[in-house]
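What follows is the residue order along each chain.
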Amino acid sequence: MSNKLTQDEAEARRLKILTAARWCFLNFGFSKTSLDDIAKRATISRTLLYRTFKDKEDIFTAVFAEWLVSRHPAARTAADRSGAPVERLIEVCRLMVVEPWADMVGAPMAGEFFDVCERIDPEIEALHRRVASECVATILGGDEAAAEVFLLALDGLLGDEPTTTVLKERVELLAARFAPSLNKRK
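One structure accompanies this document, and this report is about it.

About the criteria used
Residues numbered from 1 in each chain as written. Predicted model: local features only at pLDDT ≥ 70, side-chain atom pairs only at ≥ 80, totals over all residues. Heavy atoms only, no water. Core = buried A, V, L, I, M, F, W, Y, C linked by side-chain atoms within 4.5 Å. Buried < 20%, exposed > 50% of the residue type's maximum accessible area, 1.4 Å probe, protein only. Helix = DSSP H or I, 4+ residues; strand = E, 2+ residues; numbered from the N terminus. Contact = heavy atoms within 4.5 Å. Expected span 1.5 Å × (residues − 1). Polar contact = N/O pair within 3.5 Å; in protein donor to acceptor, adjacent residues only side chain to side chain. Phe/Tyr/Trp six-rings, centres within 6.5 Å; stacked < 30°, edge-to-face > 60°. Lys NZ or Arg CZ within 6 Å of the ring centre and 35° of its normal. Salt bridge = Lys/Arg side-chain N within 4 Å of Asp/Glu carboxyl O. 1 Å grid on protein atoms, 1.4 Å probe; cavity = no way out; pocket = protein on both sides within 12 Å on 5 of 7 lines; lining within 4 Å. Points joined across faces, edges and corners; volume = space filled by probe spheres on them. Nonpolar A, V, L, I, M, F, W, Y, C, P; charged D, E, K, R; others polar.

### Thoughts on the nonpolar core
Grouped together as the largest cluster of nonpolar side chains are 32 residues, with contacts concentrated most on Leu89, Met96, Phe150 and Leu154. When residues of this core are traced back to their parent elements, those giving at least two are α5 (72-80), α6 (85-104), α8 (122-139), α9 (144-156) and α10 (164-185). Take this core: its biggest share by element is ten residues, from α6. Contacts of Phe150, omitting those with residues within four sequence positions, involve Leu89, Cys93, Val136, Leu174, Ala175 and Phe178. Counting 29 residues, the second largest nonpolar core, distinct from the first, contains Leu18, Phe25, Leu26 and Leu35.

Right under this line is the structure:
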């Protein structure tokens, strides 16, 4: 009998570890999360954890990349599709901001999460911001300056750590405010 995992089994294990690790990082913080915590939450041995990732920083980077970067293709598709600009803006925001926010809002160490990623792997955060800017600029007819203003306003919507429902309402309002200017350009 072979102990070798299929590619699907290995990917399932990896995703199970990343889900467990994200929960641990959001609830305990990076520094207080141990590899044992992650292994227990993922219901695997620490040895199996090391077969998948080299250390805690490697896991954290993978968590952040899986959580955010995996959304980029869908966001680009939403930006490029036909349809009303306001609906496309809302969809890009849902994919890149609202859904990740829903995963972390209310977690005790959520505020630390982005700071740690920026320290450990700043390229991931920069990539996420760049893709968001490209998607919004696409919807705004290539206007990079307007895209930057939109994203700054979007950042401001998170300042008081709203509920997911309130954030959705704010995103819809922000997108609706930008939509009339899109119609004037056509």
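Still to come is the rest of the account.
### Comments concerning helix α4 (residues 56-68)
For α4, built from 13 residues, the straight-helix expectation of 18 Å at 1.5 Å per residue is met to within 8% by its first-to-last C-alpha distance of 18 Å. Every buried residue of α4 is listed here: Lys56, Ile59, Phe60, Thr61, Ala62, Val63, Phe64, Trp67 and Leu68. Regarding α4, its N-cap is Asp55, as a side-chain oxygen of that residue lies 3.2 Å from the backbone nitrogen of Glu57 further along.

### Notes on the packing of aromatic side chains
As enumerated under the stated definition, the model contains ten aromatic pairs in all. Seen in terms of ring centroids, Trp23 and Phe28 are 5.4 Å apart; in terms of plane orientation they differ by 90°. Their pairing is edge-to-face. Overall, the relative accessible area of 32% leaves Phe28 in the partly exposed class. One aromatic cluster is present, built from ring pairs that chain together Phe25, Phe30, Phe60, Phe64, Trp67 and Phe113. One cation-aromatic arrangement involves Arg41 over Trp23; the distance from NZ or CZ to the ring centre is 3.7 Å. The aromatic ring of Phe30 is capped on one face by Lys56, whose charged end is 4.6 Å from the ring centroid.

### What about the pattern of salt bridges?
Scanning the entire structure with this criterion turns up eleven salt bridges. For Arg46, the salt bridge goes to Asp36, with nearest N and O atoms at 3.4 Å. In this pair, Arg46 sits in helix α3 (residues 46-52) while Asp36 sits in helix α2 (residues 35-42), placing the two residues ten residues apart along the sequence. Residue classification places Asp36 among the partly exposed positions, given a relative accessible area of 36%. The salt bridge involving Glu99 is made with Arg71; its shortest N-O contact spans 2.9 Å. Here Arg71 lies in the loop between α4 and α5 and Glu99 lies in helix α6, a separation of 28 residues in the sequence. Assessed through its relative accessible area of 28%, Glu99 is described here as partly exposed. Linked through salt bridges whose partners overlap, the residues forming this network are Arg71, Glu91, Arg94, Glu99 and Asp103.

### Things to note about the layout of surface pockets
In this structure, the largest pocket occupies an estimated 390 Å³ of space. In terms of lining, the largest pocket is formed by 16 residues, of which the most central are Val97, Phe114, Glu125, Asp155 and Leu158. Sorting the residues of the lining of the largest pocket by element identifies α6, α7 (110-120), α8 and α9 as the ones contributing at least two each. For the lining of the largest pocket, the element with the most residues is α6, which contributes five residues. Considering only residue class, the lining of the largest pocket consists of eleven nonpolar, one polar and four charged. For the second largest pocket, the full set of lining residues is Trp101, Met104, Val105, Gly106, Ala107, Pro108, Ala110, Gly111, Phe114, Leu158 and Glu161. Elements that contribute at least two residues to the lining of the second largest pocket include exactly α6 and α7. When residues in the lining of the second largest pocket are grouped by element, the largest group, three residues, is from α7. The residue makeup of the lining of the second largest pocket, split by class, is eight nonpolar, two polar and one charged.

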